[in-house]
Amino acid sequence: MFNTHSKYSLRYGLKSPECIVDFYKEAGYTCAFITDINTSTAALSLSRYAQEKEFNAAVGIDVRNGMEQCYVILATNNRGFHELNTFVSEHLQKELEFPALAPYLSNCITIYPWQKAPKKLGPNEWIGVSKKTLQDYNWKKLKHTDKTVILHSMSFANKRDFNAHRLLRAIENNCLLSALPVSEQANADDLFISKAELYQSFAEYPEIIANTEEIAQSCSIHFKFGDEVESQNLKSYTGSCQEDYELVKKLCAKGMNERYNEITPAITTRVEKEIEIIREKEYLSYFLISWDIINYARNKGYFYVGRGSGANSIVAYLLKITDVDPLELDLYFERFINLYRKTPPDFDIDFSWKDRDDVTQYIFERFPNAALLCTYNTFQYKATVRELGKVFGLPKADIDQLSNGKNLRQVDEMGRLVLKYSKFIEGLPSHLSIHAGGIIISERPTSWYSACFMPPKGFPTTQFSMLEAEDVGLYKFDILSQRGLGKIKDCIDIIHQNQPHNPPHDIRDVAHFKEDPKIKEMLMKAQALGCFYVESPAMRMLMIKLEVKSYLELVAASSIIRPGVAQSGMMREYILRHKNPERRKEAHPVMLQIMPETYGIMVYQEDVIKVAHHFGGLTLGEADVLRRGMSGKYRSREEFLQVKDKFFDNCKNKGYVEKDVAEIWRQIESFAGYAFAKGHSASYAVESFQSLYLKAYYPLEYMLATINNFGGYYRTETYVHEARMLGAKIEAPSINKGSWQSSIQGDTLYLGFNLVHGCEHKVLHKIMLERQRRSFENFDDLINRVHIPLEQLNLIIRIGALRDFKEGKKELLWRSHFYHNTNKQNHREPVLFYPPQKQFTLPELQEAPYEASFEQMELIGFPLINPFNLSKENIPPHVTAEKLSKHLGQTVISFGYLITLKRSKTVNKDYMYFGTFMDINGEMLDTVHFPFVGKKYPFQGKGIYKFKGVVSEEFGYHTIEVNRMRKVAFQDDPRYTEVEHQEEQGKVVTNNFTTAIDFKKKKKQANEPLQ
């Protein structure tokens, strides 16, 4: 009765907490128990659902070392749950084995399996006997008959559940099902059985039943949910709610003077209104904690972006949590916080990927009751098919066939079992992971709500997700990372180094950037490669179509591009209404009245609230339930379904045309889970403007920062190309002028050794330290001063990093091999004079044309010349990107070097493709490949393509609709052509260090898959 496993006993149990509550209620029990293995994940879900069903619930933990059960501990109340979580957390975080004897926990009950019962029992300790072990129970030898209770494990409803359990255990143990040890699985009779049936088994032992009933009635757990929910976060930042209130007012007054040149009544009224609502909702500490975090970051010189619906708050703007002025954008504060909103708010604060861990460390040091939130990674169908295929021992070919869903009519009995149980297992939790950035900071220790484990990040992490956290009143702080901020920070540092007499404008003065004509021109022409959020082909297309030239237009574009708006067809409609004022009249009058700025089209998340409230007649609280429900996580919730029905009923009562209502609901449903809040889009647009400013006035420094942060939509090669287009001289890594990361001197950009595949940081670090003394004069000087392993030395030579020395690469390779064969020392001691190296007279070793380019393609993934120079065939005159507008509607031939590729599914479930190419002049060229073309002329990885198609245009954006395509071969690699020839002749190759075998392994380099 007391040992029930849910699906959160990972790769063991199968039933949800809700199913278990329903079972206990229907089976005649008075309380629902869940005792998962070493986890309390199910506790909040169990409690919430049980309270909805007006049923008692209790939780415990089945404490095990591996699969060996030690004991089951039950929490008699919430304090006992805290004690239990504290005990389990310590062992999970320190990776300690659980002791054979449980500690004394004053508000818990410990039940030992009778085989492991200690000789002396404590006051809260009992002996457990299951239905199966009852027959083996030796009453005459047992001294504690008055301390015995039923301990029956319940994990499965039927035989299918048990079969699935065994498959999960085989996956966990990475073994064939036939090889799964009995010790690694549960008993087949660990079934859910009714109270009557269970008690009937113990009918001869009424004292055991009585003891069991006594414990069942003594255990209960209760949290507040729904209308009762209260904030469980840190109640006060200063220690006093009144002092919190005074501090917020003080910080806002200071912020007004810093943010505004003139403080108008509209500003003060908005500030006062927000502070009072924040105070009434008891969120003052939430704002102050966020302020504390960003204040730490500012003092450390970290760049950050406060985004999400928090940007709708002027208090957040004045506390510098965000850089978005909500008055300027008429942002809807109620989207963030309103008196009707039942769920807590949250800020999303982005930091550079280099800085976030330090900020997280600060939070855990500053606030003792902090924890990361976990997420549940679930079994996905195709991956499960592959896992079960291995468990059943199927050949790889059969597994591939099953996973791809091909020729399923020919599947044998074993294959059908794989498919059947993959569908059954799909969606079950597989393992716990870490939320992208969610941190809770609670008033009480987190052990009041959950045990915590310690993932590799090194911070305590809850065993429940964001959904359960919100249910119980714990609102998270999202501390996220992105590389765009790293680019901005690094770029400013590079500018100070490379152009010390030309410092940049204050990067936080976004108002200055909004009026910059150079930035407006870049927006209109979509010259945004490398710039945060506006560089993708889709965004570039949208900016050209909309002719974006202002901050507000970019804010709208940032949300319109999201999948929901685009896929619902409303992106196109928005463009049409944006360009043609007459078309705006076609909007439903109520929708146009609600959203005049976006021409009656829902573009932002808060538009759902506006439409649901003003059009659908829902309260603000109900409208927010609808908005949250559209995210997908809550759609099955009963409250969401009730609000949906009310929306349709209200619209019917208002006399709206049923067709119009259905269309508006379709729009809500299609995009609400994907669209941004307006404040979120505005925050993104701020960072976009900062990026655009740096690229406009410091293009080389900005592209260098982009390369070094490995951040963006495209491969490094594309950003190196863009730097060249902007005037940079691109140089391969250099031992005397370069460094581990890419660097710049004037307008010469030296690529970093970190781009060279296989190059080790520790080796380059030693070289760079030695170079600080003085540059390396020649090869002898280098190898005398630094020990470099042969493989690393060869990489450095092959990439051309020693090109300042007098010898050629092939001579240096000969010398490196000879040196390492004769000198085995791994350590270099500085000496006054180094003995001269033995010199050899080598035959003339010439480097073939483009040999260096093929070395670069192998070692850094791309050549440092125009890739069209490597084409095996002559490229004839053709239509390039700049000439497309002159050939509108005509069939043309063009060539392009593939940059990126997007695959999209059509309404008919076929795939079409959108290609982005670099033309022979280095300009971007876009193509469309409809499904029949994509199948007949498939892409074959990166490289040069010749395509034929019709030039089309929509709203000023030109593409080629391809109807024929083929890949153009590169020249034969000159490093290996001689190898092939001499291999055929049976000759020994003496002037190349890459063998014919190496060649065969590497020959496919030019056709490597597009990443």
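Everything here concerns the structure above.
Residues numbered from 1 in each chain as written. Predicted model: local features only at pLDDT ≥ 70, side-chain atom pairs only at ≥ 80, totals over all residues. Heavy atoms only, no water.

### So, the overall build of the chain
Here is step 1 of the chain: Tallying secondary structure elements over the chain gives 39 helices and 23 strands in all.
Here is step 2 of the chain: Split into buried and exposed, the 1011 residues of the chain put 57% on the buried side.
Here is step 3 of the chain: Counted over contacts in the chain with a minimum sequence separation of 6, partners at least 24 positions apart contribute 69%.
Here is step 4 of the chain: Put simply, the chain shows about 44900 Å² of open surface, and 50% of that area lies on carbon and sulfur atoms. (Helix = DSSP H or I, 4+ residues; strand = E, 2+ residues; numbered from the N terminus. Buried < 20%, exposed > 50% of the residue type's maximum accessible area, 1.4 Å probe, protein only. Contact = heavy atoms within 4.5 Å. Areas by Shrake-Rupley, 256 points an atom, 1.4 Å probe, with all protein chains shown as cover.)

### A few points about the sheet that holds strand β20 (residues 911-918)
Where strands meet in a sheet, backbone hydrogen bonds hold them as pairs that are either parallel or antiparallel.
Here is step 1 of the chain: Taken together, the 5 strands give a closed barrel; going around it, the order is β19-β20-β21-β23-β22, and neighbouring strands pair in mixed fashion. Each strand of the sheet is rotated relative to its neighbour by a mean of 50°, with strand direction disregarded.
Here is step 2 of the chain: Here helix α20 (residues 537-546) sits on the sheet in contact with β19 (891-905), β20, β21 (924-929), β22 (944-954) and β23 (957-968), set at roughly 145° to β23. (Pairing = 2+ DSSP bridges. Axes fitted to C-alpha atoms, helices over the stretch in contact; angles between N-to-C directions.)

### Things to note about the pattern of salt bridges
Here is step 1 of the chain: Using the criterion set out here, one finds 62 salt bridges in the structure.
Here is step 2 of the chain: In this structure, Glu213 and Lys195 form a salt bridge, with 3.3 Å as the shortest nitrogen-oxygen distance. Pair noted here: Glu213 is in helix α6 (residues 206-218) and Lys195 is in helix α5 (residues 195-201), with a separation of 18 residues, a long-range link.
Here is step 3 of the chain: Classification of Glu213 by relative accessible area gives buried; the value is 16%.
Here is step 4 of the chain: Across the pair Lys695 and Glu722 runs a salt bridge, and its minimum N-O distance is 2.8 Å. (Salt bridge = Lys/Arg side-chain N within 4 Å of Asp/Glu carboxyl O.)

### Examining the packing of helix α13 (residues 381-391) against helix α15 (residues 413-425)
Here is step 1 of the chain: Between α13 and α15, the shortest axis-to-axis distance is 9 Å and the interhelical angle comes to 130°. One finds that α13 runs oblique with respect to α15. In the packing of α13 onto α15, the handedness of the crossing is right-handed. Contacts from Tyr381, Thr384, Val385, Leu388 and Gly389 in α13 reach Val418, Leu419, Tyr421, Ser422, Lys423 and Ile425 in α15.
Here is step 2 of the chain: Tallied by class, the residues present in the contact of α13 with α15 amount to 7 nonpolar, 3 polar and 1 charged. (Parallel < 35°, antiparallel > 145°, perpendicular 65-115°, else oblique. Left-handed = near helix turned anticlockwise from the far one by under 90°. Nonpolar A, V, L, I, M, F, W, Y, C, P; charged D, E, K, R; others polar.)

### Overview of the pairing of strand β9 (residues 304-307)
Here is step 1 of the chain: Burial along β9 is two-sided: Tyr304 and Gly306 facing one way and Val305 and Arg307 facing the other are all buried.
Here is step 2 of the chain: Relative to strand β10 (residues 348-352), β9 runs antiparallel, the two being bridged by 4 bridges. Paired with Arg307 across the bridge in β10 is Asp348.

### Brief notes about the environment of Leu901
Here is step 1 of the chain: Counting through the fold element by element, Leu901 comes out in strand β19.
Here is step 2 of the chain: Classification of Leu901 as partly exposed rests on a relative accessible area of 27%.
Here is step 3 of the chain: Remark: the alpha-carbon pair of Leu901 and Gly941, spanning 40 residues in sequence, is separated by 9.6 Å.

### Section: the sheet that holds strand β5 (residues 108-113)
Here is step 1 of the chain: With respect to topology, 6 strands assemble into an open sheet ordered β2-β3-β4-β5-β6-β7, the strand pairing being mixed. Every other strand in the sheet has two partners, leaving β2 (31-37) and β7 (148-150) as the edge strands with one partner each. Averaged over all pairs of adjacent strands, the angle between strand axes in this sheet comes to 35°, irrespective of strand direction.
Here is step 2 of the chain: Across 3 bridges, strand β6 (residues 125-129) lies against β7 in parallel orientation. Note on β7: the bridge partner recorded for Val129 is Ile150.

### Thoughts on the nonpolar core
Here is step 1 of the chain: Within the largest apolar cluster, 112 residues are counted, with the highest numbers of intra-cluster contacts made by Tyr551, Leu554, Leu694, Leu751, Ile767, Ile796 and Leu802.
Here is step 2 of the chain: Element by element, the count of residues in this core is highest for helix α29 (residues 678-697), at 8 residues.
Here is step 3 of the chain: Not counting residues up to four positions away in its chain, the partners in contact with Ile796 are Ile735, Phe753, Leu764, Ile767, Ile788, Ala801 and Leu802.
Here is step 4 of the chain: Ala27, Ala75, Phe192 and Trp448 belong to the second largest nonpolar core, which has 60 residues in total. (Core = buried A, V, L, I, M, F, W, Y, C linked by side-chain atoms within 4.5 Å.)

### A short note on the layout of surface pockets
Here is step 1 of the chain: Of the pockets and cavities examined, the largest pocket occupies roughly 1500 Å³.
Here is step 2 of the chain: Taken together, 48 residues make up the lining of the largest pocket; nearest its centre are Ala538, Met541, Ile561, Met571 and Lys902.
Here is step 3 of the chain: Among the residues making up the lining of the largest pocket, the classes are represented as 21 nonpolar, 15 polar and 12 charged. (1 Å grid on protein atoms, 1.4 Å probe; cavity = no way out; pocket = protein on both sides within 12 Å on 5 of 7 lines; lining within 4 Å. Points joined across faces, edges and corners; volume = space filled by probe spheres on them.)

### Details of the packing of helix α17 (residues 483-498) against helix α30 (residues 699-709)
If you want to describe how two helices pack, look at the angle between their axes and the distance between the axes.
Here is step 1 of the chain: For the pair α17 and α30, the least separation of the axes is 8 Å and the interaxial angle reads 130°. By the angle between their axes, α17 is oblique relative to α30. The two elements α17 and α30 cross, and the hand of that crossing is right-handed. Counted together, Arg483, Gly486, Lys487, Asp490, Cys491, Ile494, Ile495 and Asn498 of α17 and Glu701, Tyr702, Leu704, Ala705, Thr706 and Asn709 of α30 form the full contact between these two elements.
Here is step 2 of the chain: The residue inventory of the contact of α17 with α30, partitioned by class, reads 6 nonpolar, 4 polar and 4 charged.

### Describing the packing of aromatic side chains
Here is step 1 of the chain: The final tally for this structure, using the stated rule, is 41 aromatic pairs.
Here is step 2 of the chain: Aromatic pair Phe513 and Tyr693: ring centres 4.4 Å apart, planes at 15°, arrangement stacked. Pair noted here: Phe513 is in helix α18 (residues 510-514) and Tyr693 is in helix α29, with a separation of 180 residues, a long-range link. Of the two residues, Phe513 and Tyr693, both sit in the buried class. (Phe/Tyr/Trp six-rings, centres within 6.5 Å; stacked < 30°, edge-to-face > 60°.)

### Some points on helix α1 (residues 17-26)
Two residues of an α-helix separated by three or four positions point the same way, owing to the 3.6 residues in each turn.
Here is step 1 of the chain: All of the buried residues in α1 are Pro17, Ile20, Val21, Phe23 and Tyr24. Looking straight down α1, one finds that the buried residues subtend no more than 160° of arc, so they occupy a single side.
Here is step 2 of the chain: Taken together, the buried residues of α1 touch β1 (3-4), β2, α2 (43-52) and β8 (153-154).
Here is step 3 of the chain: Directly beyond the C-terminal end of α1, a positive phi value near 95° is found at Gly28. (Arc of directions from axis to C-beta.)

### Observations regarding the environment of Leu546
Here is step 1 of the chain: Tracing the backbone shows Leu546 in helix α20.
Here is step 2 of the chain: For Leu546, a relative accessible area of 4% puts it in the buried group.
Here is step 3 of the chain: Between the C-alpha atom of Leu546 and that of Met524, which follows or precedes it by 22 residues, the distance is 8.3 Å.
Here is step 4 of the chain: Not counting chain neighbours up to four residues away, the residues in contact with Leu546 comprise Ala557, Tyr574, Ile575 and His578.

### What about the pairing of β5?
Here is step 1 of the chain: Across the 6 residues of β5, 6 count as buried, placing the element largely inside the fold.
Here is step 2 of the chain: What you see with β5 is no split at all: Cys108, Thr110 and Tyr112 on one side and Ile109, Ile111 and Pro113 on the other are buried throughout.
Here is step 3 of the chain: Relative to β6, β5 runs parallel, the two sharing 4 bridges. Considered in β6, the bridge of Ile111 is made with Trp126.

### Regarding α2
Here is step 1 of the chain: Burial within α2 is extensive, with 8 of its 10 residues counted as buried.
Here is step 2 of the chain: Remark: Glu54 follows α2 within two positions and exhibits a positive phi of approximately 55°.

### With respect to the side chain of Ser45
Here is step 1 of the chain: Tracing the backbone through its elements, the reader meets Ser45 in helix α2.
Here is step 2 of the chain: The residues contacting Ser45, other than those within four sequence positions of it, are Pro17, Glu18 and Glu468.

### Focus: the environment of Leu234
Here is step 1 of the chain: With respect to the secondary-structure elements, Leu234 resides in the loop between α6 and α7 (241-259).
Here is step 2 of the chain: Its relative accessible area of 18% is what places Leu234 among the buried residues.
Here is step 3 of the chain: The sequence separation of Leu234 and Ile441 amounts to 207 residues, and the corresponding C-alpha distance is 6.2 Å.
Here is step 4 of the chain: Once you skip the residues sitting within four places of it in the chain, Leu234 turns out to touch Ser285, Ile289, Phe367, Ile441, Ser442 and Glu443.

### What to know about the state of the cysteines
Chemically, a disulfide is nothing more than a covalent bond linking the sulfur atoms of two cysteines.
Here is step 1 of the chain: Counted under the stated rule, the structure contains 0 disulfides.
Here is step 2 of the chain: Left without a disulfide partner, Cys219 is nearest to the cysteine sulfur of Cys31, which lies 7.0 Å away.
Here is step 3 of the chain: Using a relative accessible area of 0% as the deciding quantity, one classes Cys219 as buried. (Disulfide = S-S within 2.5 Å.)

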